[in-house]
Amino acid sequence: MNLKNFIIGGIVGGIVDFLLGWLLWGILFADFFESKDESQMNMAFIFMGCMTFGFTISYIFSKWANISTAQSGLKAGAVISLFLTLFHNFFHYSEVVTPNYKIITFDVLLTVLCGAIVGAVIGIVNGKIK
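My aim in this report is to walk through the structure given alongside it, one point at a time. (Residues numbered from 1 in each chain as written. Predicted model: local features only at pLDDT ≥ 70, side-chain atom pairs only at ≥ 80, totals over all residues. Heavy atoms only, no water.)

A look at the side chain of Thr-85
Now for step 1: As for its placement among the helices and strands, Thr-85 is situated in helix 3 (residues 70–92).
Now for step 2: Owing to a relative accessible area of 5%, Thr-85 belongs among the buried residues under this scheme.
Now for step 3: Setting aside residues up to four positions removed in sequence, Thr-85 forms contacts with Asp-107, Val-108 and Thr-111. (Helix = DSSP H or I, 4+ residues; strand = E, 2+ residues; numbered from the N terminus. Buried < 20%, exposed > 50% of the residue type's maximum accessible area, 1.4 Å probe, protein only. Contact = heavy atoms within 4.5 Å.)

A short note on helix 4 (residues 101–128)
Now for step 1: With 28 residues, helix 4 should reach 40 Å at 1.5 Å per residue; the first-to-last C-alpha distance of 40 Å fits that figure.
Now for step 2: Its side-chain oxygen at 3.1 Å from the backbone nitrogen of Lys-102, Asn-100 defines the N-terminal cap of helix 4. (Expected span 1.5 Å × (residues − 1). Polar contact = N/O pair within 3.5 Å; in protein donor to acceptor, adjacent residues only side chain to side chain.)

What about the side chain of Asp-17?
Now for step 1: Note on placement: Asp-17 falls in helix 1 (residues 3–28).
Now for step 2: When neighbours within four sequence positions are excluded, Asp-17 is seen to be in contact with Cys-50, Phe-53, Cys-114 and Val-118.

Description of the packing of aromatic side chains
Now for step 1: Taken as a whole and judged by the stated rule, the model has seven aromatic pairs.
Now for step 2: Between Phe-6 and Tyr-59, the ring centres sit 5.8 Å apart and the planes meet at 80°, which makes this aromatic pair edge-to-face. Of this pair, Phe-6 sits in helix 1 while Tyr-59 sits in helix 2 (residues 43–65), and the two are 53 residues apart along the sequence.
Now for step 3: Taking the relative accessible area as the measure of exposure, Phe-6 reaches 17% and is therefore buried.
Now for step 4: For Tyr-59, a relative accessible area of 30% corresponds to the partly exposed category.
Now for step 5: Between Phe-18 and Phe-47, the aromatic rings sit 5.3 Å apart at their centres with planes inclined by 80°, giving edge-to-face as the arrangement. (Phe/Tyr/Trp six-rings, centres within 6.5 Å; stacked < 30°, edge-to-face > 60°.)

Some details on the packing of helix 2 against helix 3
When two helices pack together, their arrangement is given by the angle between the helix axes and by the axis-to-axis distance.
Now for step 1: Between helix 2 and helix 3, the shortest axis-to-axis distance is 11 Å and the interhelical angle comes to 125°. Relative to helix 3, the element helix 2 lies oblique. As helix 2 packs across helix 3, the resulting crossing turns out to be right-handed. For the pair formed by helix 2 and helix 3, the contact residues are Phe-53, Ile-57, Ile-60 and Phe-61 on the first element and Gly-73, Ala-76, Gly-77, Ile-80, Ser-81 and Leu-84 on the second.
Now for step 2: Classifying every residue of the contact of helix 2 with helix 3 by side-chain character gives seven nonpolar, three polar and no charged. (Axes fitted to C-alpha atoms, helices over the stretch in contact; angles between N-to-C directions. Parallel < 35°, antiparallel > 145°, perpendicular 65-115°, else oblique. Left-handed = near helix turned anticlockwise from the far one by under 90°. Nonpolar A, V, L, I, M, F, W, Y, C, P; charged D, E, K, R; others polar.)

Remarks on the environment of Phe-29
Now for step 1: If you trace the backbone, Phe-29 turns up in the loop between helix 1 and helix 2.
Now for step 2: In this structure the C-alpha to C-alpha distance between Phe-29 and Lys-130, which are 101 residues apart in sequence, comes to 38 Å.
Now for step 3: Leaving out residues up to four positions away in the same chain, Phe-29 has contacts with Leu-24, Phe-106 and Leu-110.

Set out below in structure tokens:
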């Protein structure tokens, strides 16, 4: 594993994930999702979660998959984020009496889109840094 690719890819991927989340969930589709009290949201934890996702994708790409193009990163990022978001949503909504399937579906689609873009960016970073 190229440590430099892992670190730079993880940082760039995490920042891209954070910005995409802010744009998609925070601005463009904020009204679609249940409103949360923004004063209770911990931005540090949201940022750390995004960075964790970026480093997870970067680790997989640089350690196991040797992904170094935007196209292969896009595909792999989409698949990885699909499984991660299904995992998260299934457990999250297991505690809800009547889940809103429209919101679950839209959340999965947005997460796959974000994961695909993050994967593409990390793939580009891995291709640029040798």
